[in-house]
Amino acid sequence: MRPLIRWLTLALATGALLAALGPFGSYLNGSLTERAGYWIGAVLLGLLLYGSAYRLAARWTPQTGFRWWLALIAASIVASVPETLATRAAAFWLWPELTRLQLPFLTWFAQSVTIGTTAMLLIGFFRRPIAAAAGPTRKPAPADGVSLGPDVLALQMEDHYVRVHRATGSALILMPLGTAITHVEADGLRTHRSWWVARRAVVSVEGNPRSMRLILSNGVVAPVARSAVIHLKAAGWVSAAGGTIGLAGQGLVSPGER
């Protein structure tokens with residue numbers, strides 16, 4: 001509940017600030033109370049839309065490098081479509097005189113993208129993994145012959161680094177993924193060009209052979225490349241029956257049963 005309360009508090013404060021500043025000419029609309037209601041509602045809706053978009057971007061994109069920032073911008077543009085539709089309709093309802101101005105949808109959309117993208121990039125900057133921002137002080141690769149241990153749940157490639165996922169958290173090491181795999185003392189498979197997963201870490205399987213994901217015991221979601229599905233089946237990790245994918249030997253798990 002504490003993170004939720006913090007985000008709601010931040011949304012209320014941001015909405016109140018925007019009501020007072022009146023960006024994009026909104027200071028001309030109605031009273032301060034009306035503007036506060038409009039902007040607070042807009043920010044709360046944005047918290048839902050852009051927050052969901054951020055989570056999806058973080059799930060499918062490593063939070064380092066140019067691809068991460070490009071994913072955040074793309075996610076904010078997509079989230080801005082429903083945000084624009086809702087806020088534009090609310091503004092016209094609150095202040096009918098705005099309809100006479102015939103403000104084009106694209107203008108309103110650009111305003112939403114400006115605010116949404118700025119917020120997404122700021123959050124992405126402050127919430128990025130500490131290790132990813134550490135630059136040259138990142139942990140160097142282990143020397144040859146040194147094992148990463150048997151408690152590794154997954155390895156995730158991030159640019160020139162590998163994120164080592166354990167039950168207690170994750171850390172970055174400077175090492176090619178292929179080399180890191182040789183240092184793990186656990187049974188596992190490479191499920192994607194940028195992922196290796198320990199067999200014991202998999203608690204459930206989602207999706208279908210064209211879009212499969214592994215849910216790990218620490219809550220991390222690991223993607224499975226289409227070309228890797230056949231190897232997972234051959235190794236007995238997953239089995240298919242009636243179009244449903246599940247853990248082999250542990251019973252099939254359908255999406256409706258999770």
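This one's a predicted model, so the numbers in the text were calculated from it and none came from an experiment.

Calculation notes
Residues numbered from 1 in each chain as written. Predicted model: local features only at pLDDT ≥ 70, side-chain atom pairs only at ≥ 80, totals over all residues. Heavy atoms only, no water. Pairing = 2+ DSSP bridges. Helix = DSSP H or I, 4+ residues; strand = E, 2+ residues; numbered from the N terminus. Axes fitted to C-alpha atoms, helices over the stretch in contact; angles between N-to-C directions. Contact = heavy atoms within 4.5 Å. 1 Å grid on protein atoms, 1.4 Å probe; cavity = no way out; pocket = protein on both sides within 12 Å on 5 of 7 lines; lining within 4 Å. Points joined across faces, edges and corners; volume = space filled by probe spheres on them. Nonpolar A, V, L, I, M, F, W, Y, C, P; charged D, E, K, R; others polar. Buried < 20%, exposed > 50% of the residue type's maximum accessible area, 1.4 Å probe, protein only. Salt bridge = Lys/Arg side-chain N within 4 Å of Asp/Glu carboxyl O.

Our next topic: the sheet that holds strand β1 (residues 154-158). Strand order in the open sheet made by the 5 strands is β3-β2-β1-β5-β4, with antiparallel pairing throughout. The open sheet is flanked by β3 (169-174) and β4 (188-192), the only strands paired with a single partner. Ignoring strand direction, the axes of neighbouring strands in this sheet form an average angle of 25°. Direction of pairing for β1 relative to strand β5 (residues 195-198): antiparallel, over a ladder of 3 bridges. Within β5, the position partnered with Gln-156 by the bridge is Trp-195.

A few words on the sheet that holds strand β7 (residues 211-216). Sheets are built from strands paired through backbone hydrogen bonds, the pairs being either parallel or antiparallel. Ordered by their spatial adjacency, 3 strands build an open sheet running β6-β7-β8, and the pairing between neighbours is antiparallel. Each having just a single partner strand, β6 (202-208) and β8 (221-224) make up the two edges of the open sheet. Strand-to-strand, the axes of this sheet are offset by a mean angle of 25°, without reference to chain direction. Packed on one face of the sheet, helix α6 (residues 226-234) meets β7 and β8 and runs near 100° to β8.

Turning our eyes to something else, we now look at the layout of surface pockets. Of the volumes computed, that of the second largest pocket is approximately 330 Å³. Forming the walls of the second largest pocket are 18 residues, and the residues nearest its centre are Trp-60, Pro-62, Arg-67, Arg-193 and Ser-194. Only α2 (32-60), α3 (65-94), β1 and β8 provide two or more residues apiece to the lining of the second largest pocket. In terms of residue class, the lining of the second largest pocket is built from 7 nonpolar, 6 polar and 5 charged.

Turning our attention to the side chain of Thr-84. Tracing the backbone shows Thr-84 in helix α3. Here Thr-84 falls in the buried class, since its relative accessible area comes to 0%. What Thr-84 contacts, discounting residues up to four positions off in sequence, is Phe-105, Trp-108, Phe-109 and Ser-112.

So, on to the environment of Tyr-38. Within the secondary structure, Tyr-38 is located in helix α2. Taking the C-alpha atoms as reference points, Tyr-38 and Leu-94, 56 residues apart in sequence, are found 8.3 Å from one another. Residues contacting Tyr-38, with those up to four places away along its chain left out, are Thr-87, Ala-90, Ala-91, Leu-94, Trp-95 and Trp-108.

Taken as a whole and judged by the stated rule, the model has 3 salt bridges. In this structure, the salt-bridge partner of Arg-166 is Asp-151, at a minimum N-O distance of 3.1 Å. You can see Arg-166 sitting in strand β2 (residues 161-166) and its partner Asp-151 sitting in the loop between α4 (105-127) and β1, a full 15 residues away along the chain. Since its relative accessible area comes to 21%, Arg-166 is described here as partly exposed. Taking relative accessible area as the criterion, Asp-151 reaches 37% and is therefore assigned partly exposed. The shortest N-O distance in the salt bridge between Glu-158 and Arg-163 comes to 2.8 Å. On the basis of relative accessibility, which here comes to 4%, the residue Glu-158 falls in the buried class. Look at Arg-163 and you get buried, because its relative accessible area is 6%.

Note that all results are geometric; they support no functional claim without further evidence.
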